[in-house]
Amino acid sequence: MNDTPGWASPGSAPSDGQEAGIPRPSEPVDGNGPAGNWSSTQPPAGQWSPPSSSGTGPGAPPPAPGWGGRPQGPGWGGLPDAARPGVIPLRPLGVGEILDGAVSTMRAHWRTVLSITLTVSVIVQTAILLVQRYLLPDPPSVDLNATGSEALRQEADSLQATLLNNAPPLLITMLATIFTTAVLTVVISRSVLGRPVTLADAWAEARPRLFPLLGLTLLLAVMAAAIMTVGLLPGYLLGDTAGVGLAFLALLATCVVLVWLMVRFCLASPALMLERQSITTSMRRSAKLIRGAWWRTFGILALTWLLILIVTLVIGIPFGIIAMIVDGGGLNAFLTNGANSLGWPFLIVSGIGNVVIATITYPLSAGVMALLYVDQRIRREALDLDLARAAGLPGYDNRS
């Protein structure tokens, strides 16, 4: 059996009705050797088999394999024709095709996607609202006329209170993101082959990987916190004007390092889910797949973040205005007495806006990450050939 990680539906078993004999990827085409080892819990060969139903993709039959076993389009210098059994063509993807694939998955499996994201978003916003309203302490009062050591003490107390108040919502949001990422990655992996998927199927396949995904998320968070602490601690200990300048320069440097690491390990989550790798192995897989494509990956992620920001502003601003109008004096109460003084009408309306935002942005973010992983494996390991065989497309039954 080859020791290269496969493209497998997480949590599936031989009882899924999959055929044997569909080969897994052999050696990566970039010449870097095997990409990893099969674990003892890896499912049998032939994981990506023809779906039991006709699926939802176009599924146009490709022409006969040409150079390197890939179907070639007509004419000189033209892009090769590519099979498209699901939401993406089985070839290296452009930026627009990655974004379109994420949106197409939302449209093709809207019942499953909406059930996941809407349910999680409502639970998350309800939990955050109750925590902020009843469990978090009131922010400390700040004397605007204070100077010297008293001003520094008040700033430190204010910063501590801010961190304490933000920690529970961030933790709740992180857990929700882990859950939605795990389930939506399964949905996207099926949609690539044009397979139908229900919420029960996606949950059954994602459930065994939730704790490893939680461990990966916590490890990356601890790494980020450690880097930030090491960078800012010297300036904080100095405490004078030089210390402030040093802390500012260190903040810039640590942000650069954190962005570099975030892009380098951005594919660890789909690798952990779809290859059933361990935490450290999935991080190594991500680093290998990103090698030589860091700037392209950063550009795609930056564009995705920009789109999410636009969606957040377009939806959040109207809901915020409505919340202040409904609450009556909500803005004045917020500026005077802090967030804990806001009324229930303001909190409920703004919470509904956050639910709408999360319902849209969760699948977009998860879809881009999963399709980036697929794209990099197509570029480096010819995964498109194995996916075409798994989809049962004619002309791909033998490896060239």
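Fair warning: this is a prediction, and the values are worked out from it, not measured in the lab.

Draft legend 1. Up close: the packing of aromatic side chains. One pass over the full model with this rule turns up four aromatic pairs. Between Trp294 and Trp295 the ring centres are 4.8 Å apart and the planes differ by 80°, which places this aromatic pair in the edge-to-face class. For Trp295, a relative accessible area of 66% gives the class exposed. With 5.3 Å between their ring centres and 10° between their planes, Trp294 and Phe298 make a pair best called stacked. Residue Trp294 and its partner Phe298 are located together in helix H9 (residues 294-327), separated by four residues, close to a single helical turn. A relative accessible area of 25% places Phe298 in the partly exposed class.

Draft legend 2. Highlighting helix H6 (residues 241-264). For H6, built from 24 residues, the straight-helix expectation of 34 Å at 1.5 Å per residue is met to within 8% by its first-to-last C-alpha distance of 35 Å. All of the buried residues in H6 are Gly243, Ala250, Thr254, Leu261 and Val263. As for H6, its buried residues are in contact with helix H5 (210-238), helix H8 (279-290) and H9.

Draft legend 3. Region of the structure containing helix H7 (residues 268-275). The buried fraction of H7 amounts to eight of the eight residues, a majority that puts the element mostly inside the structure. Regarding H7, the residues found buried are Ala268, Ser269, Pro270, Ala271, Leu272, Met273, Leu274 and Glu275. In the stretch just after H7, Arg276 is the one whose phi turns positive, near 55°.

Draft legend 4. Representation of the environment of Val186 within the structure. For Val186, the location among the structural elements is in helix H3 (residues 148-192). Counting along the chain gives 19 residues from Val186 to Glu205, while the straight-line C-alpha distance between them is 7.1 Å.

Cut-offs and rules
- Residues numbered from 1 in each chain as written.
- Predicted model: local features only at pLDDT ≥ 70, side-chain atom pairs only at ≥ 80, totals over all residues.
- Heavy atoms only, no water.
- Phe/Tyr/Trp six-rings, centres within 6.5 Å; stacked < 30°, edge-to-face > 60°.
- Buried < 20%, exposed > 50% of the residue type's maximum accessible area, 1.4 Å probe, protein only.
- Helix = DSSP H or I, 4+ residues; strand = E, 2+ residues; numbered from the N terminus.
- Expected span 1.5 Å × (residues − 1).
- Contact = heavy atoms within 4.5 Å.

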